[in-house]
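Residues per chain are reported as follows:
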Amino acid sequence: MHSMREIPTMPPTRNYELDLAHIRTQFPILCREVYGNSLVYLDNAASMQKPLKVIKAISDCYSNYYSNIHRGVHLLSTLSTAAYERARKIVQLFINASSMQEIIFTSGTTESINLVASSLGGSTVKAGDEVVITGMEHHSNIVPWQVLCERTGAVLRVVPFNYRGELIIHEYERLLESGRVKLVAFVHTSNALGTINPVKILVEIAHARDIPVLVDGAQAIAHSAVDVRELDCDFYAFSGHKIYGPSGVGVLYGKRALLEAMPPYQVGGDMIKIVTFEKTQYAELPNKFEAGTPNIAGVIGLGVALEWLQNIGIEIIKAHEQTLLEYTTDQLSRVPGLNILGTACEKAPLVAFTMKGIHPHDIGTILDREGIAIRAGHQCAQPTMERYGVPAMARVSFAIYNRHEEIDALVKTLFKIKELFK
Ligand code: 7TS
């Protein structure tokens with residue numbers, strides 16, 4: 001493994017209880033090597049690794065009780081349905097939604113946003129109306145709105161952000177003054193910069209003008225407590241794979257009254273009450289928005305992932321990840337020519353940076369040879385890259401299992417890269 005000797009400062013001492021060694025043993029993948037080095041996985045914002053409990057729950061479903069849900073009278077269908085609906089209850093409690101009817105399972109954040117853009121957007125947005133997003137969105141929270149605007153003749157408006165990566169609130173307020181804004185959609189935590197946006201304030205401002213709000217929670221959900229009733233957002237979207245769960249499954253939370261008024265997004269089996277060739281009556285919530293056979297084992301795995309996380313405690317996770325963030329920010333600023341992009345006061349545990357004269361892809365490739373996985377590229381946020389005048393960034397992002405030693409390994413290799421490109 002990597003020596004820590006070249007790093008002058010000591011990792012901070014912890015003021016919270018965390019058995020990190022025990023947590024790491026629960027992630028089988030963390031034992032593997034990459035090119036002869038221990039894996040250092042710092043690409044958690046792209047996707048997190050899965051604890052054994054989640055892997056086993058999915059395997060257990062397929063091995064012992066798998067069947068289609070909501071339809072069979074036989075035992076396996078009853079067991080699968082119960083496990084699937086239990087996961088819905090876990091999600092409801094996890095984000096403090098009022099009822100299970102407000103939890104729609106989707107394939108991920110992208111589908112959750114598309115659902116709202118297509119259903120609410122498609123039925124309420126007309127030519128001349130406006131949809132407001134921010135300049136720091138992931139493509140998933142840009143393109144669905146752009147397509148909606150193109151289709152309807154509405155206009156997409158964008159809230160700018162300052163160099164630190166913080167939204168300019170008075171510009172947001174100014175955009176909402178037009179009286180034509182039908183919907184606001186913004187990211188809770190930026191995947192490219194780490195900025196945590198003041199969701200509650202932004203929601204209040206929109207609600208004062210009766211504008212519904214969708215929050216893209218993909219990068220927030222695993223790092224601090226999310227209470228949708230406290231935030232008062234109308235919709236909240238997130239993905240299973242970014243919270244220790246499987247990929248191919250996600251959640252759309254929506255306020256009941258809005259979901260009830262919205263037309264279905266996809267139509268077909270499992271979302272109907274009565275079908276005749278003349279007319280179809282749709283099922284009640286949440287089934288109305290879950291057409292077809294869903295990712296049954298994935299949903300069950302997501303429920304187990306949330307239980308696993310709750311067992312550790314989100315506040316412990318947050319405390320640990322914030323020490324990693326502080327340590328990384330401090331250590332990276334010692335690397336000559338390295339520039340951190342995104343220096344907001346409130347940040348999630350991720351750090352994006354560029355190095356003078358070195359392409360992020362070269363940084364990512366050389367780190368990979370040392371077993372260190374990071375993201376290098378436009379972070380699916382090209383307008384954010386444009387704001388800083390760079391084509392791409394390197395990004396390290398953390399999860400509960402990361403250690404300060406891994407940051408030391410990262411920084412040591414960055415010093416090497418600096419030498420290499422001299
Ligand atoms: N919104 C944000 C803020 C994201 O970070 C991502 C994925 C998505 C939406 C889309 O999520 P999906 O699960 O539907 O794909 N972000 C990243 C990333 O930063 N690197 O890879 C994927």
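Preceding this section is the structure that the text describes.
Thresholds applied
- Residues numbered from 1 in each chain as written.
- Predicted model: local features only at pLDDT ≥ 70, side-chain atom pairs only at ≥ 80, totals over all residues.
- Heavy atoms only, no water.
- Helix = DSSP H or I, 4+ residues; strand = E, 2+ residues; numbered from the N terminus.
- Polar contact = N/O pair within 3.5 Å; in protein donor to acceptor, adjacent residues only side chain to side chain.
- Contact = heavy atoms within 4.5 Å.
- Buried < 20%, exposed > 50% of the residue type's maximum accessible area, 1.4 Å probe, protein only.
- Pairing = 2+ DSSP bridges.

*Asks:* Please explain the side chain of Asn 141 as it appears in this structure.
*Replies:* If you trace the backbone, Asn 141 turns up in the loop between β5 (130-134) and α5 (143-152). A distance of 2.8 Å separates the side chain of Asn 141 from the side chain of Trp 145, its partner in a polar contact. Discounting chain neighbours no more than four positions away, the residues touching Asn 141 are Ile 113, Ile 133, Ala 185, Phe 186, Val 187, Leu 214 and Asp 216.

*Asks:* Even after reading the chapter, I still don't get the pairing of strand β10 (residues 250-254), so can you show me in this structure?
*Replies:* Along any regular strand the residues' side chains alternate between the sheet's two faces. With 5 of 5 residues buried, β10 is to be regarded as a mostly interior element. With burial as the criterion, each face of β10 is covered, one bearing Gly 250, Leu 252 and Gly 254 and the other bearing Val 251 and Tyr 253. Across 5 bridges, the pairing between strand β9 (residues 235-239) and β10 is antiparallel. In the strand pairing of β10, Phe 238 is matched with Val 251.

*Asks:* What is the right way to look at the environment of Tyr 84 in this model?
*Replies:* Locating Tyr 84 in the fold gives a position in helix α3 (residues 75-95). Residue class for Tyr 84 comes out buried when judged on its relative accessible area of 0%. Considered as a pair, Tyr 84 and Ile 69 are 15 residues apart in the sequence and their alpha carbons are 7.9 Å apart. In this structure Tyr 84 touches Ile 69, His 70, Phe 105, Glu 290, Pro 294, Ile 296, Val 299 and Ile 300, once residues within four positions along its chain are discounted. For Tyr 84, the side chain forms a polar contact with the side chain of Glu 290, separated by 2.9 Å.

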